[in-house]
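# Coordinate analysis (summary)
If you want the building blocks of each chain, they are given just below.
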Amino acid sequence: MEIVKIIINDSMKGRIDKILTKKLDMSRTQVQQLINDNQVFVNEKNVKASYKVEVNDIIEVHIPDLKNTEVMPEDIPLDIVYEDQDVIVINKPSGMIVHPSSGIYSGTLVNALLYHCHDLSGINGVMRPGIVHRIDKETSGLLMVAKNDRAHTSLSKQLEEHCVIRRYYALVHGVIPHDYGRIEAPIGRDPQDRQKMTCTDKNSKEAITNFKVIERFKDMTLVECRLETGRTHQIRVHMQYIGYSVYGDPKYGLRKDDQTHGQYLHAKILGFIHPVSGEELYFDSDLPAYFEDKLKELRNEMEA
C-alpha cells in the first residue's frame, strides 16, 4: 500500500476531493471512492468528500496496491431493462453480488456484463468496470451501468447532486402508524461489528431516507423508500433504527425471519438523465415472485 501525505498551505483551498484529484493525478470519482472506503484521513480522522481543507491540515491517503487478479467474462443471464451505446439498466436478482471483491472473482454482475459487452467504462478500475452505484447482494432491482467514461462521469455527477430517482420497496416488521416519514441519521461503521453499519455521530456520513406507506398488514408494512443519499445498507440500517427492520434481513432483521431470499428489499424505480441525449429515462420493475407471494400471504391473513 502506498501512503501519500499532504500538508495544506495557503495556496490550497476548497473541497478535499477536488484538491486530491489534482495532487494525486486521479479522477474525482477515484478520489471519492478512496474517501468512501475510509482511505483518506485529515489530522488522523476520516472526512467527507465535501470537507473544506484548512491551512496546516495534514492529509494522509492510503492507496491500495493494484491487484493482478483478472476478472473473467462469464455467460450468466442478465435481465436487461434498457441498453444503448452509453448505458445499460439491469434488473438484478437477489443473491447476485454486483462486483468482485477480495476472495470473490466470479458469479458477479460484472462477470456477466463483461461477457455481454466489451465497452464498459474504466473509471472504477478492473474490479468495477461500468459500475456507477451498487445494491447489496440480497437486494434485487434496478441498477444503471456506464459503457464509457463520459457516461460514467455524467451519471456519477447526477448521483452526487441527488438528481437520480431511486425508490425501493421494502417489507418491514411492525405497523407504521403514519403515512409518511423522513429519517435523518448519519451512518458509519459499527464499532462492535465491522461487518455492519449503524446510526452514529462518530466517523459517519450524512444519510437521509424518505418513506411512505404503501400497504399495511397485521404486523408488517410495505413501504416505498426514496433515497437522498446512498450509504452502505442505508435503508436497512435506517428502518432498524426507527424500530421497523426489513423482513428477511440477515444482518439487521429478526432471526425468526425466513432468510431464504435475504432482505425483502427491491430497487423498484430508477430515473436519470441520459448522459448523451439528455433524455429523461424512467424505469419501474416488478417485484420478484417470492416478494409478491409473501404479500399475497399477508393479504390472506388480513382477510381471514
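In this report, the structure presented in the accompanying data block is examined.

The rules behind the values
- Residue numbers restart at each chain and count upward from 1, following the sequence in its written direction.
- Whole-chain, interface and lining totals are the exception, using all residues; otherwise, since this is a predicted model, local features are given only for residues with pLDDT of at least 70 and side-chain atom pairs are given and counted only at 80 or more.
- Derived side-chain values reflect all non-hydrogen atoms in the structure, with water molecules and hydrogen atoms excluded from consideration.
- Sulfur atoms of two cysteines make up a disulfide when they are within 2.5 Å.
- Each Phe, Tyr or Trp ring (for Trp, its six-membered ring) is paired with any other whose centre lies within 6.5 Å, and the angle between the two planes then decides the class: stacked below 30 degrees, edge-to-face above 60, tilted in between.
- Numbering of helices and strands runs from the N terminus, with a helix taken as a DSSP run of H or I at least four residues long and a strand as a DSSP run of E at least two residues long.
- When a residue's accessible area, from a 1.4 Å probe over protein chains only, is under 20% of the maximum for its type it is buried; when over 50% it is exposed; and in between it is partly exposed.
- Expected helix span is given by 1.5 Å per residue-to-residue step, counting one fewer step than there are residues.
- Here the arc refers to the directions that run from the helix axis out to each C-beta atom.
- By definition in these notes, contact holds between two residues if any of their heavy atoms fall within 4.5 Å.

Attention shifts here to the state of the cysteines. The tally for this structure, following the rule as stated, stands at 0 disulfides. With no disulfide of its own, Cys225 lies closest to Cys199 among cysteine sulfurs, the gap being 13 Å.

In this structure the tally under the stated criterion is 5 aromatic pairs. Ring centres 5.0 Å apart and planes at 65° place the aromatic pair Tyr247 and Tyr264 in the edge-to-face group. With Tyr247 in the loop between helix H5 (234-241) and strand S15 (265-273) and Tyr264 in the loop between H5 and S15, this residue pair connects regions lying 17 residues apart in the sequence. With respect to burial, Tyr247 and Tyr264 carry one shared label: buried. Pairing Tyr264 with Tyr290 gives two aromatic rings, centres 5.3 Å apart and planes at 85°, and the pair type is edge-to-face. With Tyr264 in the loop between H5 and S15 and Tyr290 in helix H6 (residues 289-303), this pair connects stretches of sequence that are 26 residues apart. Each residue in the set Tyr247, Tyr264, Tyr290 and Phe291 is aromatic and connected to the rest through ring pairs, giving one cluster.

As a further point, take H6. In this model, H6 (15 residues) spans 21 Å end to end at C-alpha, consistent with the 21 Å of a helix rising 1.5 Å per residue. The set of residues buried in H6 consists of Tyr290, Phe291, Lys294, Leu295 and Leu298. Buried positions in H6, seen along its axis, are confined to an arc of 140° and lie on one side of it. Of the exposed residues in H6, those oriented more than 90 degrees away from the buried face are Ala289 and Glu303. Those residues of H6 hidden inside the fold are in contact with strand S7 (140-146), strand S8 (165-173), strand S14 (220-227) and S15.

Nothing here speaks to function; it is all geometry.
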